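Read off the chains here:
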Amino acid sequence: MKGSKVKPPFYAQGGEDKICYKLLRKIGERSRCAVEFGAHDGFYKSNTDYFRTELGWRVLLLDVEPRSALVQQATITVDNINAVFRAHDVPDDVDLVSIDIDGNDLWVWKALTYEPQIVIIEYNPKWQP
């Protein structure tokens, strides 16, 4: 990645993938692994698809209702997040984790014992606190 140029297409809704790409160019990669839960179909507005398709990273995609064969079914909770990561052999030095589960995002993040270099936590401003 070092010295490589940013090349489209980026997919994320708010440019998160492009921002993460630029950050990782500065801080360096560790495992070339990312996890995205709340992944929908793994393509549409994906925060990690660029890393999987353009850079060849290992990306674990999870969703309570997967909408493609790329995404594995999982209901992520405070109680099971670390077990789910272990079951899928997510390395301790995972580079990127994207959390978008509309509700318990903060609490799941606090329960995660892994230490990713970058974390994306999305929220829906239409939902009241």
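Conventions used here
- Residues numbered from 1 in each chain as written.
- Predicted model: local features only at pLDDT ≥ 70, side-chain atom pairs only at ≥ 80, totals over all residues.
- Heavy atoms only, no water.
- Helix = DSSP H or I, 4+ residues; strand = E, 2+ residues; numbered from the N terminus.
- Buried < 20%, exposed > 50% of the residue type's maximum accessible area, 1.4 Å probe, protein only.
- Polar contact = N/O pair within 3.5 Å; in protein donor to acceptor, adjacent residues only side chain to side chain.
- Core = buried A, V, L, I, M, F, W, Y, C linked by side-chain atoms within 4.5 Å.
- Contact = heavy atoms within 4.5 Å.
- Pairing = 2+ DSSP bridges.
- Axes fitted to C-alpha atoms, helices over the stretch in contact; angles between N-to-C directions.
- Expected span 1.5 Å × (residues − 1).
- Arc of directions from axis to C-beta.
- 1 Å grid on protein atoms, 1.4 Å probe; cavity = no way out; pocket = protein on both sides within 12 Å on 5 of 7 lines; lining within 4 Å.
- Points joined across faces, edges and corners; volume = space filled by probe spheres on them.
- Phe/Tyr/Trp six-rings, centres within 6.5 Å; stacked < 30°, edge-to-face > 60°.

Within the secondary structure, Asn47 sits in the loop between β1 (33–37) and α2 (49–53). Of the residues examined, Asn47 reaches a relative accessible area of 0% and is grouped as buried. There is a polar contact of 2.9 Å between the side chain of Asn47 and the side chain of Ser98.

Here is a general trend for soluble globular proteins: nonpolar side chains tend to be buried in one another's company. Grouped together as the largest cluster of nonpolar side chains are 18 residues, with contacts concentrated most on Val35, Phe37, Leu62, Ile76, Ile81 and Phe85. For this core, the secondary structure elements donating two or more residues are β1, β2 (58–63), α3 (81–87), β4 (96–99) and α4 (105–111). The residues touching Phe85, leaving out its near neighbours within four places in the chain, are Val35, Phe37, Val90, Val97, Leu112 and Tyr114. Counting 15 residues, the second largest nonpolar core, distinct from the first, contains Ala34, Leu61, Ile118 and Ile120.

With that out of the way, let us pick up the sheet that holds strand β3 (residues 72–73). With parallel pairing, the 5 strands of this open sheet are ordered in space as β3-β2-β1-β4-β5. Either end of the sheet is taken by a strand with one partner, and the two such strands are β3 and β5 (118–121). Note that β1 and β4 share 4 bridges and pair parallel. From the neighbouring strand, Glu36 faces β4, where its bridge partner is Ser98. In the packing of helix α1 (residues 16–27) onto the sheet, contacts are made with β4 and β5, and the angle to β5 comes to roughly 165°.

Turning our attention to α1. Between its terminal C-alpha atoms α1 stretches 16 Å, which fits the 16 Å expected from 12 residues at 1.5 Å a residue. For α1, the complete set of buried residues consists of Glu16, Asp17, Cys20, Tyr21 and Leu24. All buried residues of α1 project into a common sector of 135° when viewed along the axis, lining one side. For α1, the secondary structure elements touched by its buried residues are α2, β4 and β5.

As a volume, the largest pocket reaches approximately 420 Å³. Lining the largest pocket are 22 residues, and of these Gly38, Ala39, His40, Asp63 and Asp100 lie nearest its centre. Of all the secondary structure elements, the ones that give two or more residues to the lining of the largest pocket are β1 and β2.

For any pair of aromatic rings, the description rests on two quantities: the centre-to-centre distance and the angle between the ring planes. Tallied over the full model, the rule gives 7 aromatic pairs. For the ring pair Phe37 and Phe85, a centre distance of 6.3 Å and an interplane angle of 80° mean the geometry is edge-to-face. Residue Phe37 is found in strand β1, and its partner Phe85 is found in helix α3; the two are separated by 48 residues along the sequence. Note on accessibility: Phe37 and Phe85 belong to one class, buried. Each residue in the set Phe10, Tyr21, Tyr50, Phe51 and Trp57 is aromatic and connected to the rest through ring pairs, giving one cluster.

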